[in-house]
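A closer look at the structure
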Amino acid sequence: MRAILFSNLIMTCIPMKAFSNKVKTSETHAICGLVFRNISIILLVGLLALNASAGDMYKWKDKDGIWNFSSTPPKSDEKFDTVALPVEPRPLVTMRKLGTEHEPEYVFINNIWGPVQLQLTLPVAENVLAEPSLPARLVLAGQSEKRLIKIKAQDPSKGFTFRLAYKPMIGPPLAELPTEINYYPPFPLGQDFIISQGFDNDQTHKKPPNQYAVDIVMPIGTPVLAARAGRVMDMEDDFHGAGQSDRFLARSNQIRILHDDGTMAVYAHLQPNSLRVRPGAMVETGKWIANSGNTGYSSGPHLHFVIQLNAGMSLESIPFRFYAPGGGTITPEKQMMISGVLRQK
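The shown structure was predicted, so the numbers you read here are calculated from the model rather than taken from an experiment. (Residues numbered from 1 in each chain as written. Predicted model: local features only at pLDDT ≥ 70, side-chain atom pairs only at ≥ 80, totals over all residues. Heavy atoms only, no water.)

1. Here's the deal with unusual backbone geometry
Trans peptide bonds make up most of the peptide bonds, and negative phi angles are found at most residues other than glycine. Inclusion rule: Elements are defined by DSSP. Helices are runs of H or I of four residues or more, strands are runs of E of two residues or more, and each kind is numbered from the N terminus. When a residue's accessible area, from a 1.4 Å probe over protein chains only, is under 20% of the maximum for its type it is buried; when over 50% it is exposed; and in between it is partly exposed.
Put simply, Glu-131 and Pro-132 share a cis peptide bond, and its omega is -5°. Structurally, the position occupied by Pro-132 is in the loop between strand 10 (128-131) and strand 11 (136-140). With omega at 10°, the peptide bond leading from Leu-134 into Pro-135 counts as cis. Turning to its location among the elements, Pro-135 is positioned in the loop between strand 10 and strand 11. Notably, Gln-143 is not glycine yet its phi reads approximately 50°, a positive angle. Following the sequence through the fold, Gln-143 ends up in the loop between strand 11 and strand 12 (145-153). Overall, the relative accessible area of 40% leaves Gln-143 in the partly exposed class. A positive phi angle is found at Asn-273, which is not glycine, with a value near 55°.

2. Remarks on the pairing of strand 15 (residues 192-197)
Test applied: When DSSP finds two or more bridges between a pair of strands, those strands are recorded as paired.
Where burial is concerned, most of strand 15 is hidden: five out of the six residues are buried. Where strand 15 lies against strand 29 (residues 337-339), three bridges are found, and the strand directions are antiparallel. Directly across from Asp-192, in strand 29, lies its bridge partner Ser-339. Note: strand 15 against strand 16 (residues 214-217), three bridges, orientation antiparallel. From the neighbouring strand, Ile-194 faces strand 16, where its bridge partner is Val-217.

3. Overview of the sheet that holds strand 7 (residues 93-99)
Under the convention used in this document: For every element, the axis is a line fit to its C-alpha atoms; helices are fit only across the contacting stretch, and the angle between N-to-C directions ranges from 0 to 180 degrees.
The sheet built from four strands is open, its strands ordered 7-8-12-10 with antiparallel pairing. Only two strands of the sheet have a single neighbouring strand rather than two, namely strand 7 and strand 10. In this sheet, adjacent strand axes meet at a mean angle of 25° when their direction is disregarded. Taken together, the seven bridges between strand 7 and strand 8 (residues 104-110) define a ladder with antiparallel strand orientation. Counterpart to Val-93 in the pairing with strand 8 is Asn-110.

4. Comments concerning the environment of Ala-265
Rule in force here: By definition, residues are in contact when any of their heavy atoms lie within 4.5 Å.
Secondary-structure assignment places Ala-265 in strand 21 (residues 264-268). Accessibility expressed as a relative area gives 0% for Ala-265, which makes it buried. Counting along the chain gives 37 residues from Ala-265 to Arg-228, while the straight-line C-alpha distance between them is 8.4 Å. Those residues in contact with Ala-265, other than ones at most four positions away along the chain, are Ile-255, Arg-256, Ile-257, His-259, Phe-305, Val-306 and Ile-307.

5. Topic: the confidence of the model for the chain
Under the convention used in this document: For every residue, the predictor reports its confidence as pLDDT, a number between 0 and 100.
Summarising the model, the chain shows a mean pLDDT of 82, and 77% of its residues fall at 70 or more. Under a pLDDT of 50 for its full length, residues 43-49 has, in the predicted model, 29 contacts with residues more than four places off or in other chains.

6. Concerning the pattern of salt bridges
Counted only if it meets this: Salt bridge, as applied in this entry: a Lys or Arg side-chain nitrogen positioned within 4 Å of an Asp or Glu carboxyl oxygen.
Scanning the entire structure with this criterion turns up eight salt bridges. A salt bridge links Glu-103 to Lys-150, with the shortest nitrogen-to-oxygen separation between them at 3.4 Å. Note that Glu-103 is positioned in the loop between strand 7 and strand 8 and Lys-150 in strand 12, a separation of 47 residues in sequence. The partly exposed category is assigned to Lys-150, whose relative accessible area is 23%. A salt bridge links Asp-261 to Arg-228; the nearest nitrogen and oxygen atoms lie 3.2 Å apart. Note that Asp-261 is positioned in the loop between strand 20 (254-258) and strand 21 and Arg-228 in the loop between strand 17 (223-225) and strand 18 (230-236), a separation of 33 residues in sequence. Connected through salt bridges with shared partners, the residues Arg-228, Asp-260 and Asp-261 form a single ionic network.

7. A word on the packing of aromatic side chains
Note the threshold: Each aromatic pair joins two rings of Phe, Tyr and Trp (for Trp, the six-membered one) with centres within 6.5 Å, and gets the label stacked for planes under 30 degrees apart, edge-to-face for over 60, and tilted for any other angle. Here, a charge over a ring means that NZ of Lys or CZ of Arg falls within 6 Å of the ring centre while also lying within 35 degrees of the ring normal.
In total, this model carries twelve aromatic pairs according to the counting rule given. On the basis of an interplanar angle of 70° and a centroid distance of 6.4 Å, the ring pair of Tyr-183 and Phe-305 is categorised as edge-to-face. Taken together, the positions of Tyr-183 in strand 14 (residues 182-183) and Phe-305 in strand 25 (residues 303-310) put the pair 122 residues apart, joining distant regions of the chain. For Tyr-183, a relative accessible area of 1% translates into the label buried. Taking the ring centre of Trp-67 as reference, the NZ or CZ of Lys-59 above it sits at 4.9 Å. In this structure, Arg-276 packs its charged tip against the face of Trp-288, placed 3.6 Å from the ring centre.

8. Looking at the nonpolar core
Defined as follows: Residues enter a nonpolar core if they are buried and are Ala, Val, Leu, Ile, Met, Phe, Trp, Tyr or Cys, with the set joined through side-chain atoms within 4.5 Å.
With 31 residues, the main nonpolar core has Ile-216, Ile-255, Tyr-267, Ile-289 and Phe-305 as its most contacted residues. At four residues, strand 25 tops the list of elements feeding residues into this core. By size, the runner-up hydrophobic cluster in this structure holds 29 residues, among which are Val-93, Leu-118, Ala-153 and Phe-162.

Written out as structure tokens, the structure reads:
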């Protein structure tokens, strides 16, 4: 009955994290009489970046009249205010420069608990020898640091000019679509909820990352279960509030879980401070991972659920089916009532 009360709502959401485009340019150097001109590094993060971990701050006055500020709410029953802090994007991958000025080497660091693919190019290269040769696409394992590129002059008696550009994409590269497309509804057995927005619906499910997402209308605090086993790649837990203005675009609490076939499930708009897992943790199917909520770019309480993959350096969503309680599977559609199958773990 609770779901029927929400059946006429159209939930809109953009659960993707903050976007970032940054350009880093070094100064001209002169070493041993050789001039290295216009050496620059370009970081292209056009699709995905991680939110800064600051989140929101809590402010309250204790029984002694002292004001307290914390990244977590008070454990007592004291009333508190939530202070929304600015969200500064942080990249999936960061870079460090090693080596010498005439033979620089570049180390790349993966900041999440899952693979990231890097596309490296030299848009500008004069008298340059790169090891390995570029362009190239390389994969960084989760939470890893690796020396990937070494650059030097092809003719050591002359100066050289280069511009190194790199673009990260979350997830391992997949050569073909996965065979497993059946998932359990991400909530417990005995509960029924309406899908307010289905595949390729309305204004927020048109672009590739969310084209095959579903919005499931459910009350705030409903247990969200892992629809499939995997590893927690990344998560955000401490944002409050929702709305449809630009300031909410990067303020959705969410969990991203990597599956064994390289696909990734995203559970978004979660209740603040409700996440029950940690980055890097392995979770089993049916694990209670968080509570549903209404955070970020959203028009009402619901769970945004989508399966994504890295398709040739492009983040794309794929169609899937839900298991049904009586056996078999169903393709989720707008205004469809779906029923829980999993027992909460």
